[in-house]
Amino acid sequence: MAYLMGLDIGTSGIKALLIKEDGQIVSSQTEKYPLHTPQAGWAEQNPADWWEATLKVISSVVKDRGVEPAGIKGISLSGQMHSSVFLNKDMKVVRPAILWSDTRTSRQCQQIYDRAGGLENLINYVSNPALEGFTAPKILWLKDNEPANYQQVSLVLLPKDYIRYHLTGEIFTEVSDAAGTLLLNVKEKKWSAELLKKLDISPEILPPVIDSIDIAGRISKNIADKTGLKQGTPVIAGGADNACGAVGSGIIQEGRVMVSIGTSGVVMAQANKPTADKQGRMHLFNHAVPDNWYMMGVMLSAGMSFNWVKEKLFDDTIDYDRLNQLAAAVEPGSDGLVFLPYLYGERTPHADANARGVYFGISGKHEQGHFIRSVMEGVTFGLRDSLELIKAQGIKTEEIRAIGGGAKSQLWQQIMADIFGQEICLLNIEEGPAFGAALIAGVGAGVYDNFATAESRIIKISKRISPVEENVAHYNKLYNIYQNLYPAVKDNYRELSKLN
């Protein structure tokens, strides 16, 4: 029996997962590390904290079940997208890493549009709009605001690629993570020479780009001594967290869609062809599956909206089960109460940092359950926005697989089926990006012939939820109202932001 290891370098901590080749989880270990916010809107971490945590979780996993190190046939990595590690010529960290959630780069995003010649040209270069979280504006911010540090920069790496360098001594990135830098020609899988020139960013500071399933190095003797791994164990390139999450959910062929309701909300669909949204409302990234892509929409406040309702409108004695009971007692449509889930702005389809949450249609008959259920419905309407954009690009959406905390609620499962007007599928395994990274390790190391072989052996649909026809018709009417609300208040959001 072969074993595979997946590492996920997340925002709050790192997770190491050891699985058997049949998908059985052998050991799972997590180590937390701090997030620093030196100024409002800033988010930074010390890459040394990632590395220290990596050594701990690998050692713990190797020792946990007494697995022979020689039995671990491959290791791969997932990591937070966009976050930037700046290194000097001696491969030392120049300054703390600037994370994906950092919003300091609004001015640099506008610079990118100006230098690229507008949104249309930028989409032609890199298939995505300029957003504060991406890597390119972070590089420009460093150049504009910390010129002494910028002069030292010899290499820019993404978090998982930085950790893989320490494991192997080799320098690479791979297509799915590189796609999130805003510097990769997503269609051609290479750095965009045209955009780099316009932004005056040297291509020399960017690592070579390989496929996610390529061997990107092997465990060095030094690391083997520190962790208990076998020297020479292949380390597979891996993928961005969303790409790895898709692999771990079986989103490896067109027609399958992943809907995730976590803190944020994600709708992702496999695409056989790289068709970008010309208006930049959706992301187009390279998949971990070779020569495939995925289109993705992101909501900033999905499960976060539900948590907000619990924390702000209810006392501590009300748990999530009780909230679901109250919401389930309300008829579909919440008796005309509609919620816009823009508590902290929005990304898809409205890239609007000024957008805010709205309860629309409040009347005297509305009670606690209405306010809960309308949040669940409003979040799902927001997810449907992304689903409709995916369909508009001609991408098939034959099977929707739901994951995340929201997918654990039977009520929310039914709301999704009714608002999407499609069957919702739940899976037998939901371990997140680390599990997908382990499967990537298996394909790259030759344990599986390909992703289809791995998926057919391991990932199964455990439950199907069918839409209720009457509810679908009602929600379609309500969705039309939902779609009209944002344009009606958009200008007021901007004016309101000036007063705060």
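Please read these numbers as outputs of a predicted model, since none were measured by experiment. (Residues numbered from 1 in each chain as written. Predicted model: local features only at pLDDT ≥ 70, side-chain atom pairs only at ≥ 80, totals over all residues. Heavy atoms only, no water.)

A. Seen up close, the pattern of salt bridges. Under the defined criterion, the tally for this structure stands at 32 salt bridges. The partner of aspartate 90 in a salt bridge is lysine 89, with the nearest N and O atoms 3.7 Å apart. The exposed category is assigned to lysine 89, whose relative accessible area is 68%. In this structure, aspartate 177 engages lysine 160 in a salt bridge whose closest nitrogen and oxygen atoms are separated by 3.0 Å. Taken as a pair, aspartate 177 in helix 7 (residues 175-178) and lysine 160 in helix 6 (residues 159-168) lie far apart in primary sequence, 17 residues in all. The buried category is assigned to lysine 160, whose relative accessible area is 0%. (Salt bridge = Lys/Arg side-chain N within 4 Å of Asp/Glu carboxyl O. Buried < 20%, exposed > 50% of the residue type's maximum accessible area, 1.4 Å probe, protein only. Helix = DSSP H or I, 4+ residues; strand = E, 2+ residues; numbered from the N terminus.)

B. Looking closely at helix 4 (residues 135-145). Of all eleven residues in helix 4, eight are buried, a share of seventy percent or more. Of the positions making up helix 4, those classed as buried are Thr135, Ala136, Pro137, Lys138, Ile139, Leu140, Trp141 and Leu142. Where helix 4 is buried, its residues contact strand 6 (85-87), strand 7 (97-98), helix 2 (106-116), helix 5 (147-152), strand 8 (155-157) and helix 8 (193-199). (Contact = heavy atoms within 4.5 Å.)

C. Expanded view of the sheet that holds strand 13 (residues 215-218). Taken together, six strands build an open sheet; the order of strands is 3-2-1-5-14-13 and the sheet is mixed. Where the open sheet ends on each side, the last strands, each with one partner, are strand 3 (25-32) and strand 13. Taking the axes of each pair of neighbouring strands and ignoring which way they run, one obtains an average angle of 20° across the sheet. Pairing between strand 2 (residues 13-20) and strand 3: seven bridges, direction antiparallel. (Pairing = 2+ DSSP bridges. Axes fitted to C-alpha atoms, helices over the stretch in contact; angles between N-to-C directions.)

D. Representation of the packing of aromatic side chains in the model. Scanning the model with the defined rule gives 14 aromatic pairs in all. When the ring of phenylalanine 285 is compared with that of tyrosine 294, the centres are 5.8 Å apart and the planes differ by 70°; the resulting orientation is edge-to-face. Tyrosine 294 shares its class with phenylalanine 285; the two are buried. An aromatic cluster of at least three residues, connected via ring pairs, comprises Phe381, Tyr475, Tyr479 and Tyr482. Above the face of the tryptophan 42 ring, arginine 104 is positioned so that its terminal group lies 3.5 Å from the ring centre. (Phe/Tyr/Trp six-rings, centres within 6.5 Å; stacked < 30°, edge-to-face > 60°. Lys NZ or Arg CZ within 6 Å of the ring centre and 35° of its normal.)

E. Region of the structure containing the sheet that holds strand 18 (residues 293-299). What the seven strands build is an open sheet, ordered 17-18-16-15-21-22-23; its pairing is mixed. Looking along the sheet, the strands with just one partner apiece sit at the ends: strand 17 (283-286) and strand 23 (461-465). Across this sheet, the average inter-strand angle for adjacent strands is 30°, counted without regard to direction. In the sheet, strand 15 (residues 255-261) pairs with strand 21 (residues 397-403) via six bridges, with the strands oriented parallel. Each bridged residue has a counterpart across the sheet, and for valine 257 the counterpart in strand 21 is isoleucine 400.

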